[in-house]
Amino acid sequence: MYATCFIMMYLGHPDTLATCTPLLSVGQVIAVAAMNASFLIVLAFTITQYIVLASPLKYGRRVTKSRVVICVLAIYAYSILFSLFPVMSLTEEIVQKIDNIFHSITLVYVTIIFYILLYVAFRKKMAASKSLQEHKTTQDRVRDNKQTGVVRKFIIINFLLIAILFLTSQPSAVLWIYRLYSNENPNAPSVLIVNLMLADNLLYLKFLLDPFVYAWRIPRY
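Residues numbered from 1 in each chain as written. Predicted model: local features only at pLDDT ≥ 70, side-chain atom pairs only at ≥ 80, totals over all residues. Heavy atoms only, no water.

*Asks:* Describe the pattern of salt bridges, with residues and values.
*Replies:* Counted under the stated rule, the structure contains 2 salt bridges. Salt-bridge contacts for Lys-97 lead to Glu-93; the nearest nitrogen and oxygen are separated by 3.4 Å. Placement of the pair is Lys-97 and Glu-93 together in helix H5 (residues 92-133), with a separation of 4 residues, close to one helical turn. Look at Lys-97 and you get partly exposed, because its relative accessible area is 25%. On the basis of relative accessibility, which here comes to 43%, the residue Glu-93 falls in the partly exposed class. (Salt bridge = Lys/Arg side-chain N within 4 Å of Asp/Glu carboxyl O. Helix = DSSP H or I, 4+ residues; strand = E, 2+ residues; numbered from the N terminus. Buried < 20%, exposed > 50% of the residue type's maximum accessible area, 1.4 Å probe, protein only.)

This is how it looks when you write it as structure tokens:
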């Protein structure tokens, strides 16, 4: 939708205004809902991983299939409802401020905190594993060392995911802070060019990498 309108604007198509006014409104609703759902699902996924590592015996009771389905449906319902706020009663500026502060900044840093907690839990499990290895046979230790290597790679990937999450989401968040709170014109050509060419493209890169992120977290891949 956005690409279509950009091409129409570039070509100076006579129906640009009539076509793109509703098209961009619909596109914005879809984009906001999809992006916020992505941030929330990544956070939920990270919390689930933390529960698996920190309390594996409690994982089966806490994380059931029905609870996961309910959680995902609730995330999408909330994301769609939030994206419709500008169409309802709240002004677009208020919605943008809430969206930037809560979704683009708060959720990102909460996710990073859980990545760090995941690493701390991993270190504790590693320390406990080493103490148990003192009474094991050589064969058991070789098998445990292989498992340790797999888990260590998993933790390295988690820190890589922190970098991806931070570097792709925060330029857009910082630019929106400037646009929302600066006295400068938020729609100045220079600001819009930076937003389009740098911040938006980095943000789109995050969502492009999301499928790979999910695959990396599944051991068989």
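*Asks:* Provide a residue-level description of the environment of Ile-112, including the pertinent values.
*Replies:* Here Ile-112 is to be found in helix H5. Judged by its relative accessible area of 12%, Ile-112 falls in the buried class. C-alpha of Ile-112 to C-alpha of Asn-158: the two residues are 46 residues apart in sequence and 9.6 Å apart in space. Once residues within four sequence positions are removed from consideration, Ile-112 is found in contact with Ile-162, Leu-165 and Phe-166. (Contact = heavy atoms within 4.5 Å.)

*Asks:* Could you give me a rundown of the state of the cysteines, with the residues and numbers involved?
*Replies:* In the structure shown here, the tally under the stated rule is 1 disulfide. In this model, Cys-5 is linked to Cys-20 through a disulfide, with the two sulfur atoms separated by 2.4 Å. Taking the torsion about the S-S bond as the criterion, the Cys-5 to Cys-20 disulfide, at about -115 degrees, is left-handed. Here Cys-20 lies in helix H2 (residues 16-54) and Cys-5 lies in helix H1 (residues 2-11), a separation of 15 residues in the sequence. A relative accessible area of 1% places Cys-5 in the buried class. (Disulfide = S-S within 2.5 Å.)

*Asks:* How would you summarise the UniProt feature "transmembrane region" (unreviewed entry) in the protein chain if you had to cite specific residues and measurements?
*Replies:* Per the UniProt record, "transmembrane region" (unreviewed entry) is annotated on residues 23-47, 68-89, 101-122, 155-178 and 190-209. Spanning residues 190-209, this segment combines 100% helix with 0% strand, and its end C-alpha atoms are found 28 Å apart. (UniProt positions renumbered as here; feature names shortened; annotations may be inferred.)

*Asks:* Describe the nonpolar core, and please don't skip the residues or the numbers.
*Replies:* Among the nonpolar cores identified, the biggest contains 17 residues, and Phe-39, Tyr-115 and Leu-165 are the most heavily contacted of them. At the level of elements, H2, H5, helix H6 (138-181) and helix H7 (189-216) are the ones that each hand at least two residues to this core. Top contributing element to this core by residue count: H2, with 6 residues. Sequence-distant contacts of Leu-165, that is, excluding residues within four places in its chain, are made with Phe-39, Val-108, Thr-111, Ile-112, Tyr-115 and Lys-206. (Core = buried A, V, L, I, M, F, W, Y, C linked by side-chain atoms within 4.5 Å.)

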